[in-house]
Amino acid sequence: MKDRVFNFAAGPSMLADEVLDELYEEFYNYQNTGMAVMEMSHRGKDYLKIFEEAKQRLYRVMEIPEEYEVFFMHGGATGQFAAVALNLLKGDKADYILTGNFSKKAAMEAMKYGQVHIAYDGKDNGYRHIPKQEELSFDEDSKYVHLCSNNTIFGTQWKTYPDVKGKILVGDLSSDILSRKIDVSRFGLIYAGAQKNIGIAGISVVIIRKDLIETPMAITPDILSYELMAKHDSMLNTPPTYPIYVLGKVLKWIEKSGGLEAIESRNREKAKILYDYLDTQSFYKPHAEKDSRSLMNVTFTTPNEDLDKRFVSEAAERGLVSLKGHRLVGGLRASIYNAMPKDAVEKLVEFMDGFAKENAL
Ligand SMILES: *Cc1c(COP(=O)(O)O)cnc(C)c1O
């Protein structure tokens, strides 16, 4: 087998070696049950134990207060763009803060099920910027404020969440959930697709304050109804059984690594290595404004598109793969989620420096 590479993809993305090792070990015959996890009935006691453990670990690691319910749902984060509106908006009005492509998509989806007031739009600055409090304008009648915590494509991230003036805060945390400690009680609802930072594709995690769970719009498909998710403990139909199991393994790895405080300080260290380098040279141009920079996705360009392309292929020859930027931004993007080791980031910077010297114009 070819050696494993350092995968800087934005998602699906790297899993920690320890996680993959455990999955591999348990693959064929899970803890002497005589079967693989993906063959198990979701109603059987072996699987229910896996399910319950993953859920409890999430409560523990994120310090989720008791008055919140956790759902494991299908449909990715995109499914939640609709679910949030179907369950909470229901024909009324909500504020959406547009800091990138995914928050825009969330707003477009919500427009099908109610009125959307744009509280901020970063389009004119190329989504390089996370708004300050005074740049936000909320609608008096809005029911909730939706934001995207980390903008995967543009490489910006909220450092602290805004004051939403007593409204319900709804957050898409798909690309930075479990990357740092957050105060869950600031939110009415948090959702995240798992394949960026906490597992594999096929599952989205929803954390919702219990008093917000009510009957959704009549047209709501059952699998997007929070009321039914709560009633059936995420098992209205067959849940994404294997992705839930993988999520449990990732959470176990986070606990063993020292929890979110340790994970956060490692993530800060890793991002600092890259940004410190970017700030001391003039070959590469970082995309995000300094105080809006993401700890998860570092976006930058070389002097031209040909060099961008060469960068991607020469990096790949050294086992540093998937560094191509999203088509909306172009250039390059290094996604350095929880599972990306620090020495891989150091290797990347070493490569960047060599490449810059070789290709200086
Ligand atoms: C990837 C991503 C999405 C879309 O996730 P899917 O699971 O593919 O629907 C939404 N929001 C953010 C912030 C993302 O990074």
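Just so it is clear, the structure is predicted and the values come from calculations on it, not from any experiment.

Quick one: what's the story with the overall build of the chain, residue by residue and with numbers?
Each helix and strand in the chain was counted, giving nine helices and 14 strands. For the chain, the C-alpha radius of gyration of 21 Å lies close to 21 Å, the compact-globule estimate for 361 residues. C-alpha atoms of the chain, sized along the principal axes, occupy 60 × 60 × 30 Å. Each of the 361 residues in the chain was classed as buried or not, and the buried ones make up 57%. Long-range pairs, those at least 24 residues apart, make up 67% of the contacts in the chain with a sequence separation of at least 6.

Account for unusual backbone geometry, naming residues and giving values.
Cis geometry marks the peptide bond from glycine 11 to proline 12, where omega comes out at -5°. Relative to the assigned elements, proline 12 resides in the loop between strand 1 (6–7) and helix 1 (17–25). Its identity is not glycine, yet glutamine 31 carries a phi of approximately 40°, on the positive side. Of note in the backbone geometry, leucine 178 takes a positive phi value of approximately 65° without being a glycine.

Describe empty space enclosed by the protein, and please don't skip the residues or the numbers.
Evaluated as defined, the whole model comprises three cavities of 30 Å³ or more. Looking at the largest cavity, its volume works out to about 70 Å³. Taken together, 13 residues line the largest cavity, and the ones lying closest to its centre are Met14, Leu15, Asn197, Val250 and Ala339. Class assignment of the residues belonging to the lining of the largest cavity gives a composition of nine nonpolar, three polar and one charged. Taken together, domain 1 (6–14 + 259–358) and domain 2 (18–256) each give at least three residues to the lining of the largest cavity, which thus spans both. In this structure, the second largest cavity spans a volume of roughly 40 Å³. For the lining of the second largest cavity, the class distribution of residues is six nonpolar, three polar and no charged.

Quick rundown of the side chain of asparagine 101? Include the residues and the values.
By the element assignment, asparagine 101 lies in helix 4 (residues 101–110). Beyond its immediate stretch of four places on either side in the chain, asparagine 101 contacts Ile153, Phe154 and Leu328.

Summarise the packing of aromatic side chains; cite the residues concerned and give the values.
Using the criterion set out here, one finds 17 aromatic pairs in the structure. Judged by centre distance (5.6 Å) and plane angle (85°), the rings of tyrosine 284 and phenylalanine 300 are edge-to-face. Here phenylalanine 300 lies in strand 12 (residues 297–301) and tyrosine 284 lies in the loop between helix 7 (259–279) and strand 11 (285–286), a separation of 16 residues in the sequence. As far as the burial class goes, tyrosine 284 and phenylalanine 300 line up, both buried. A network of ring pairs unites the aromatic residues Tyr277, Phe283, Tyr284, Phe300, Phe311, Phe351 and Phe355 as a single cluster.

So what's going on with the nonpolar core? Which residues, and what values?
Buried together is how nonpolar side chains tend to be arranged in soluble globular proteins. Phe8, Met62, Leu178, Tyr284 and Phe311 are the most contacted members of the largest nonpolar core, which totals 86 residues. It is helix 6 (residues 241–256) that provides the largest number of residues to this core, a total of nine residues. Here this core spans two domains, since at least three of its residues come from each of domain 1 (6–14 + 259–358) and domain 2 (18–256). Those residues in contact with leucine 178, other than ones at most four positions away along the chain, are Leu58, Val61, Met62, Asn197, Ile198, Leu251, Ile254, Leu260, Ile263 and Asn338.

So, how was this worked out
- Residues numbered from 1 in each chain as written.
- Predicted model: local features only at pLDDT ≥ 70, side-chain atom pairs only at ≥ 80, totals over all residues.
- Heavy atoms only, no water.
- Helix = DSSP H or I, 4+ residues; strand = E, 2+ residues; numbered from the N terminus.
- Rg over C-alpha atoms; globule rule 2.2 N^0.38 Å.
- Buried < 20%, exposed > 50% of the residue type's maximum accessible area, 1.4 Å probe, protein only.
- Contact = heavy atoms within 4.5 Å.
- 1 Å grid on protein atoms, 1.4 Å probe; cavity = no way out; pocket = protein on both sides within 12 Å on 5 of 7 lines; lining within 4 Å.
- Points joined across faces, edges and corners; volume = space filled by probe spheres on them.
- Nonpolar A, V, L, I, M, F, W, Y, C, P; charged D, E, K, R; others polar.
- Domains from an automatic or database assignment.
- Phe/Tyr/Trp six-rings, centres within 6.5 Å; stacked < 30°, edge-to-face > 60°.
- Core = buried A, V, L, I, M, F, W, Y, C linked by side-chain atoms within 4.5 Å.

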